[in-house]
Amino acid sequence: MSTLLTSRIMTDVFGGITSGAVIALVALCLVIVWKSTNVLNFAQGAMGMFATFVGMNLVFHDTNYWLCLVLSVATGLVVGGLTERVLIRPLYGKPEINPIVVMVGFLGLLEALVPAIWASSFNTVPSPFSQVYFQSHGNTVLLSPFVLYQIALALGVMLVVALLFQYTTLGLKMRAAALAPEVSRLLGVRVNRLLTLGWMLSSGIGALAGVIVSTGHTLDATNLDGIFVSAFIAAAVGGLESPLGAVIGGLLIGLAQQFILNYWSANLAPLAGVIVLLISLAIKPQGIFTRTVTRRV
Amino acid sequence: MIRVERLSVVYGAVRALTDVSFGAPAGRITAVLGANGAGKTTLLRTISGLVKPTSGAIFCDETSLLGLATENIARLGIGHVPEGRGVIAEFTVEENLRLGILASRANVSEGLARQFALFPVLGERRKQYASTLSGGERQMLAMARALIAKPSVLLLDEPSLGLAPQVTAEMMRTISELCASENLTVVLVEQNAKSALRIAHDAVVLHLGTVIASGSASEVADNSDLRRYYLGLVTP
Amino acid sequence: MKWLTTLRDARPTTSRALGITLLTLLALLITFRLSALDDAKLASGAAIAIVVVGLSWLIGWSGQVSLGNSGFMAVGAYVTAIWANHHATTPIFVTLLLATGCGALSGLVLALPSTRLRGPYLAGMTLAFSFAVVPLALNFPSVTGASSGLTLNFLNAPSWFAGLFTGPQATVNANAQWSADVAIVVAAVAFFFMANLFHSRTGRAMRLIRDNDVAAELTGVNLPRTRTLAFVISAAYAGLGGSLLTLLNGSVTPQTYSIALSILLLTLMVLGGIGTLSGAVLGGLIYSYSDNLVSLVNKVTGVNPASTFGANLKGIVFGALLILTMLLAPRGLVGLGSQLVRLFAQLRNRT
């Protein structure tokens, strides 16, 4: 057992799960926004990092880590809501390339705005937990209290989101608004508010993803770029419609990239993602995890 | 009660409704009849605020519905069962019903119990996905979902569409009973004039977006010209 | 003037060739009046305009979005640099054609599975591709020269052309102008083909697909094949543009072809006007003079260009312009221009 924990394979598994959990979290955000508003949010990562900067930058001014985390998430919620209201709402019913182009523009804007406002200081956000790896019989297990915190936070948020959508009336309304907006409105559901809420939720979670990857790391506007791309691949492999598919896809991509990175080359990990996507789309273009609902009339 | 006054709807170059006026009093069933493309569905969609009228007025009791958002019209107690039923296939029977009651402040479990008493088959299938229901069961679910919010007005769009004759008859009887027991205002849009006129108190006939006849259901049913040319009913 | 419209209707291809030739000659004449710096700006603008017109064709005519054109540019650029270093005597146009072909090929590989899908998937897939390009180049240092990239010989003016220049800076001026003229001619040829493509059977099929893919399929258009073709042509244009840019710069570095370039290309295309040749020309010109544009913004807003805010101003300005254009004037400068013309005509008719 102890040799297994310190083996190279397990080391990769732990590393893969850590990055995979964050990828899964961002992929989940993409699916939430896609299902409710049919927009692929290219600025998901950039919005998350913007919110992370607003909150976590205060860590360097002696503010409590947890307060900064809450502030980041709160900023994420506000940014998401504003984005939907100002940038996305005017584009409902327009050709599908319009929101894509606008969100790409927002991505470019935010990634320039963040370093413009907060000049890169290359400061490391201190971790609230020890980053010293556990030892087992003199060998290192690639797990530390900090790594466990990252994994637990990501998985915990996913669990909360799942419970929200599956077991609360708010979740029921959000799912209905995404599946059948017109019918929902006929039943008195305030669909527009729920669309805004969906964007707020995904942007808030995005901010949390930003905090997770930036803790114990330098704060940089592009911290979520690679994760966003991997998350898109994870979500697309799952068909963009399936939250569970996105989460499983995210964890698998994280693991795959970790193995490629360790056994082959870090530079080839992004390409591996593209190849996985190409193959999965060639085999099952509608997504591996998309259930085809057959209607009986 | 629903009152529509000189309502006109224009889609681009197409006049879907022109100067349509009629009243649907409480406790009575008002059938809106006419061929495909007569503007029946557009009329209901305009009452529910899904389509913006070019001119005219719509009142529910004394409240003007003009300019209100669809969800707020629904919250005034106007239930709309859309064409094709609008049941959410990916939801279970119970989830569909819960969605119906959210906007009203009615008690959820009491509402569910009431609908399951009215439509026992829905109670048997409460955990089943709506996609597994038959056409008649879906229609019941759509009705129950509208009724669970205790509406004062029920707008029904082609409830008999695609149903077997016995199921249609059953459905019409249920509508009739509900209208009497709950003092509902029912606006029943039907292409199937025969079964609609059997339960309706009043009838409005639409042709190419205008009202060509209105009156009591028996008057309309007895007018042989209407029967032959607009309702597709052959006089015996 | 009547014979002009007659010619346009009877011989569309000839008249397009004639029009583009005249405009090209005019542009070449202008380069004689420009400084070496302006020539260099114009040259890279022409290379970018080629990529922009390819993207414009893809987005404006087939309704597909690509964020991978910086990646296809990189393919063209590296092919050019590697080939030029091994076969120094190859004529420019052969190198350019080779790079175009390689760009098209890489586009084909990416397009085959993804063009069956709708907009967002393709956009995301191409984004993932352009994200993989820089690390890929870094991974094979012996071929690509890693982060320092590759260098190759500059485009030097032939002696007959250099002979036209005198004075202290004769060689510099001659080379700069030669580069600009080569770039303009290459762009003109590329634009000529695109102009014909717009009006071809394929072009019309594209429009149909963009507006209503179901209807297009019913009228017998092969959807996946037409979409793939559109994507491959766009990638070919990106390969050509990347190749030309490499020849002009005399070097290639991986960082040039990051996602930021894809975003910039999209911005230039939208600013100019989606789906139009003149929009792509405007996009190229905006690229040429983007630094001037940014320093103008600097001057107007009083932002210190040396501050961190000033250093990031370009990204902020272009990002904001892209969003605002898409929300307020989605047909870009060309659309605004034709609106102005229509307004003017209305005013004149009234008086």
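Keep in mind that this is a model prediction, so the values were computed, not measured. Along each chain, numbering runs from 1 in the same order as the chain's sequence is written. A letter from A marks each chain and a number from 1 marks each ligand, given out in the order of writing. Only residues with pLDDT of at least 70 are given local features in this predicted model, and only at 80 or more are side-chain atom pairs given and counted; all residues enter the totals for whole chains, interfaces and linings. To get the side-chain values, all heavy atoms of the structure are used, and hydrogens and water are removed first.

Asks: Just checking my understanding: could you explain the pattern of salt bridges for this structure?
Replies: Side-chain pairs of opposite charge can arise where the charged atoms are in close proximity. Residue and element names in this part refer to chain B. One speaks of a salt bridge when a side-chain nitrogen belonging to Lys or Arg is within 4 Å of a carboxyl oxygen belonging to Asp or Glu. Under the counting rule described, the total for this entry stands at 16 salt bridges over all chains. Residue R126 is joined to E94 by a salt bridge in which the shortest nitrogen-to-oxygen separation is 3.0 Å. You can see R126 sitting in the loop between α5 (120–124) and α6 (135–147) and its partner E94 sitting in helix α3 (residues 93–102), a full 32 residues away along the chain. Residue class for R126 comes out partly exposed when judged on its relative accessible area of 31%. Exposure is judged per residue with a 1.4 Å probe applied to protein chains only, and the accessible area is read against the type maximum: over 50% gives exposed, under 20% gives buried, and values in between give partly exposed. By relative accessible area, which is 7% here, E94 ends up buried. Between E110 and K150 there is a salt bridge, with its nearest N and O atoms 3.9 Å apart. Here the residue E110 occupies a position in helix α4 (residues 108–118), and K150 occupies one in the loop between α6 and β7 (153–157), the gap between them amounting to 40 residues. Residue E110 is classed as partly exposed on the basis of its relative accessible area, which comes to 46%. Each member of the salt-bridge network shares a partner with another, and the members are E94, R98, R126 and K127. Strands here are runs of E lasting at least two residues and helices are runs of H or I lasting at least four, both read from the DSSP assignment and numbered beginning at the N terminus.

Asks: Honestly, the packing of helix α4 (residues 69–86) of chain C against helix α13 (residues 259–272) of chain C in this entry has me stumped. Any pointers?
Replies: Helix-helix packing: each pair is described by the crossing angle between the helix axes and the interaxial distance. Residues and elements named next belong to chain C. Axis separation between α4 and α13 bottoms out at 7 Å; the angle between their running directions is 115 degrees. In terms of orientation, α4 and α13 fall into the roughly perpendicular class. For the pair α4 and α13, contact is made by N69, S70 and M73 and by L261, S262 and L265, respectively. Charged means Asp, Glu, Lys or Arg here, nonpolar means Ala, Val, Leu, Ile, Met, Phe, Trp, Tyr, Cys or Pro, and polar covers whatever is left, Gly included. Its residues placed into classes, the contact of α4 with α13 shows 3 nonpolar, 3 polar and no charged. Lines are fitted to the C-alpha atoms to define the axes, a helix being fitted only along its stretch in contact, and any angle between axes, read from their N-to-C directions, falls within 0 to 180 degrees. The scheme is simple: roughly parallel for angles under 35 degrees, roughly antiparallel for over 145, roughly perpendicular for 65 to 115, oblique for anything else. Contact between two residues is taken to exist if any of their heavy atoms lie within 4.5 Å; hydrogens are not considered.

Asks: Help me understand the layout of surface pockets in this model?
Replies: A water-sized probe, rolled over the atoms, reveals where empty space remains. Residue and element names in this part refer to chain C. As defined here, a cavity is a set of points on a 1 Å grid over the protein atoms alone where a 1.4 Å probe fits but cannot get out. A pocket is an open set with protein on both sides within 12 Å along at least five of seven lines, and residues line them when an atom is within 4 Å of a point. Grid points are joined across faces, edges and corners, and a volume is the space filled by probe spheres set on the points. In this structure, the second largest pocket spans a volume of roughly 1000 Å³. What lines the second largest pocket is a set of 39 residues, and nearest its centre among them are S258, I259, A260, L261 and I263. Top contributing element to the lining of the second largest pocket by residue count: α13, with 6 residues.

Asks: Honestly, the nonpolar core in this entry has me stumped. Any pointers?
Replies: F42, M103 and F106 of chain A together with W57, M73 and L266 of chain C are the most contacted members of the largest nonpolar core, which has 182 residues in total. When residues no more than four places from it in sequence are discounted, the contact partners of F106 of chain A are A43, M47, T83 and L87 of chain A together with I323 of chain C. Residue types Ala, Val, Leu, Ile, Met, Phe, Trp, Tyr and Cys, when buried and joined through side-chain atoms within 4.5 Å, form a set referred to as a nonpolar core. By size, the runner-up hydrophobic cluster in this structure holds 46 residues, among which are V81, M143, I148 and L197 of chain B.

Asks: Sorry if this is basic, but what is going on with the sheet that holds strand β4 (residues 55–60) of chain B here?
Replies: Hydrogen bonding along the main chain pairs the strands of a sheet, whether they run parallel or antiparallel. All names here are of chain B. Should DSSP find at least two bridges between two strands, the strands are regarded as paired. Taken in spatial order, the 4 strands of this open sheet run β2-β1-β4-β5, and their pairing is antiparallel. Strand pairing shows two members of the sheet lacking a second neighbour, β2 (14–24) and β5 (63–64), which therefore form its edges. Relative to strand β1 (residues 2–11), helix α1 (residues 40–47) is tilted by about 110 degrees, and along the sheet it contacts β1, β2 and β4.

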